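# A look at the structure
Listed below, chain by chain, are the residues.
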There are 2 protein chains.
Amino acid sequence: MERTVSQVARLAGVSVRTLRHYDAIGLLPPGHVASNGYRYYGRAELLRLQRILLLRELDVPLPAIGRILAEQDDEIAALRDHREQLVQERQRLDAVIGSVDRTLQGLSGDESVGDEEFFAGLSTKRSELQEDLTERFGPGVGASFEAAVRATDGWGREDYERMADEGRRLLLRLGAARARGVLPDSPEALKLMQLHYQGVYDLWQADATGYYNLGGVLLDNADQRALIASVDPELPPWLSAAVQAYAIRKLGYSSH
Amino acid sequence: MERTVSQVARLAGVSVRTLRHYDAIGLLPPGHVASNGYRYYGRAELLRLQRILLLRELDVPLPAIGRILAEQDDEIAALRDHREQLVQERQRLDAVIGSVDRTLQGLSGDESVGDEEFFAGLSTKRSELQEDLTERFGPGVGASFEAAVRATDGWGREDYERMADEGRRLLLRLGAARARGVLPDSPEALKLMQLHYQGVYDLWQADATGYYNLGGVLLDNADQRALIASVDPELPPWLSAAVQAYAIRKLGYSSH
DNA sequence: CTAAAGGCTGACGTAACGTCACCCTCCAGC
DNA sequence: GCTGGAGGGTGACGTTACGTCAGCCTTTAG
């Protein structure tokens, strides 16, 4: 009736090492240990092992299995909790897969949007954007464009492409965050938006007001919106909200 | 232009420890290390960090990120491969969640099937099963029932319940294996079936022929089938095939 | 000049074992 | 009684991506 490690291993379909491990962490001590150190398992241990393996197949971590087997009564409640975690993990995976798809989309073909139009289209479409901002909010808002244009005067195609690449990846990250359920005004989103603001600032020394207004334009300007949507169809409203949240929380914008 | 660890950490939203780690594994060495050991990062490193973080958010493991960034060209192919793995993992999770659901079903309510009817109903429904086997395959097949009945003569309700519990969990494990896509005649299935055969043998000293025939009865006998289906609706045909596969492969059954 | 930041290098902990490396014990055959 | 091989045992490192000390050294502000 007493089985050795290798016998139990064969019977249950686990490795000897696994049995030693379960002994080491106290999950399944042998029924009896001989004076020479040999482990011997009886019927009770085999039963316990079966229950362990069932739970293990259900992705329950070993410490949790130990607790469940210790307190028989709430085995079902524990499994229900566990199920919740599994479902959450699946949702997370779904979001990640969606992000990967959009990333592939954003990185592969999609040459419909020229490289130099990127960084939210701020590079070559700047003048158009400037007009839009100026006519909607007055000349003050777009004024700093001039300095920015001069700053990038010496840029070659390569510089723009690097900038475009950077912007594209940032939009992808923002899309991934959105897909994961991150809210536009959450701390995590604001961390990412700092990068966005930096990028915008490099092309156009935007202040709080300018950046805040940009939040609206991103939604209303067809080109801008299309550019962002090309990376993630659901990103434009999220990004718009995030821009405005950043302007308020981090740049101190207020509509006075 | 040169940023210290904490500055980069704040900018990118990662921990200082993470930067040290990325340096240690060679994923992101600082642009410059001062004579006092201080790390300083330039624009190029910030760019690389952004790309790292994008891929990290997509669940790409760090070594893979390193390879992807090293060989720019197949970034997209690498992501496509990665996507495949994510999808597989999601499928696995789906299967696990299904198994958890059936396990909850099998462990909670379900008192419609009395405890002592378990272990594939072999305990109290034995006589009925014996009739079925005898009338279909002749008296020889069911003969050893007699000895088994005597062997369990002294059993109390408690013994039967323990046996039932054991059987129930085994069926759950088999269901989990089936859901994971394990085939009835695969080595993994046969390992589990050894446990099933042992359980059957304890209640009825079945030989290869008897066990093989049981495979058919499990499908045709309404009680048996319902019992198994109560644990997993798709289990009966799988289990039937597994029983016969075990009889052939492990017990040497042949229809001569 | 001193204290507070902030930087640095180890080193352990995490999940669940796989995989050596090295040593001991039992049993069968000579 | 001896010996070889199967099978038992105990460390201890490797894996993933850092978190979290502990202990020591710079830089910077007052």
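From a predicted model like this one, the values you see are computed outputs, not experimental measurements.

## Here we look at the interface of chain B and chain A
Listed by partner, the interface residues are 48 residues for chain B and 48 residues for chain A. Here chain B packs against chain A, burying approximately 4900 Å² in sum over the two surfaces, 60% of which is carbon and sulfur. Contact with chain A buries area across many residues of chain B, yet B:E57, B:R169 and B:R173 alone supply 14% of it, more than any other trio. Between chain B and chain A we count 18 salt bridges in total. Taken together, the links from chain B to chain A amount to 18 residue pairs in polar contact (both at pLDDT 80 or more). Sorting the residues of the side of chain B that touches chain A by element identifies helix 1 (5-12), helix 3 (43-57), helix 5 (75-107), helix 9 (157-179) and helix 10 (187-203) of chain B as the ones contributing at least two each. Ranked by the residues each element gives to the side of chain B that touches chain A, the list is headed by helix 5 of chain B, at 21 residues.

## Structural notes on a negative patch on the surface
A cluster of acidic residues, A:E71, A:D74, A:D81 and A:E84, forms a negative patch on the protein surface. When you line up the elements, A:D81 lands in helix 5 (residues 75-107).

## Things to note about the packing of aromatic side chains
Residues and elements named next belong to chain A. Evaluated as defined, the whole model comprises ten aromatic pairs over all chains. Ring centres of Y197 and Y246 lie 5.8 Å apart, and the angle between their planes is 35 degrees; this geometry places the pair in the tilted category. Of the two residues, Y197 is situated in helix 10 (residues 187-203) and Y246 in helix 13 (residues 235-249); the sequence distance between them amounts to 49 residues. For the pair Y197 and Y246, a shared accessibility class is recorded, and that class is buried.

## Concerning the environment of B:L46
Residue and element names in this part refer to chain B. Tracing the backbone shows L46 in helix 3. Remark: the alpha-carbon pair of L46 and L28, spanning 18 residues in sequence, is separated by 9.4 Å. Apart from residues no more than four positions distant in its own chain, L46 is found in contact with R3, V8 and L11.

## Quick notes on the packing of helix 12 (residues 222-229) of chain B against helix 13 (residues 235-249) of chain B
Residues and elements named next belong to chain B. Running from amino to carboxyl end, helix 12 crosses helix 13 at an angle of 110 degrees, the nearest separation of the two axes being 8 Å. Considering their axes alone, helix 12 and helix 13 lie roughly perpendicular with respect to each other. Contact residues: R225, I228 and A229 in helix 12; L235, P236 and L239 in helix 13.

## Topic: the layout of surface pockets
Residue and element names in this part refer to chain B. Here the second largest pocket is characterised by a volume of approximately 250 Å³. Forming the boundary of the second largest pocket are D59, V60, P61, A64, R67, I68, E71, D74, A78, D81, H82 and Q85. Contributing elements (two or more residues each) for the lining of the second largest pocket: helix 4 (62-70) and helix 5. Of the residues forming the lining of the second largest pocket, the biggest block, four residues, is contributed by helix 5. Of the residues belonging to the lining of the second largest pocket, the class tally is five nonpolar, two polar and five charged.

Procedures and definitions
- Residues numbered from 1 in each chain as written.
- Chains lettered and ligands numbered in written order.
- Predicted model: local features only at pLDDT ≥ 70, side-chain atom pairs only at ≥ 80, totals over all residues.
- Heavy atoms only, no water.
- Contact = heavy atoms within 4.5 Å.
- Buried area = accessible area lost by both parts, 1.4 Å probe.
- Salt bridge = Lys/Arg side-chain N within 4 Å of Asp/Glu carboxyl O.
- Polar contact = N/O pair within 3.5 Å; in protein donor to acceptor, adjacent residues only side chain to side chain.
- Helix = DSSP H or I, 4+ residues; strand = E, 2+ residues; numbered from the N terminus.
- Patch = residues over 30% accessible without salt bridge, like charges linked within 9 Å, V, L, I, M, F, W, Y side chains within 5 Å.
- Areas by Shrake-Rupley, 256 points an atom, 1.4 Å probe, with all protein chains shown as cover.
- Lys, Arg positive; Asp, Glu negative; His and termini not counted.
- Charge placed at Lys NZ, Arg CZ, Asp CG, Glu CD.
- Phe/Tyr/Trp six-rings, centres within 6.5 Å; stacked < 30°, edge-to-face > 60°.
- Buried < 20%, exposed > 50% of the residue type's maximum accessible area, 1.4 Å probe, protein only.
- Axes fitted to C-alpha atoms, helices over the stretch in contact; angles between N-to-C directions.
- Parallel < 35°, antiparallel > 145°, perpendicular 65-115°, else oblique.
- 1 Å grid on protein atoms, 1.4 Å probe; cavity = no way out; pocket = protein on both sides within 12 Å on 5 of 7 lines; lining within 4 Å.
- Points joined across faces, edges and corners; volume = space filled by probe spheres on them.
- Nonpolar A, V, L, I, M, F, W, Y, C, P; charged D, E, K, R; others polar.

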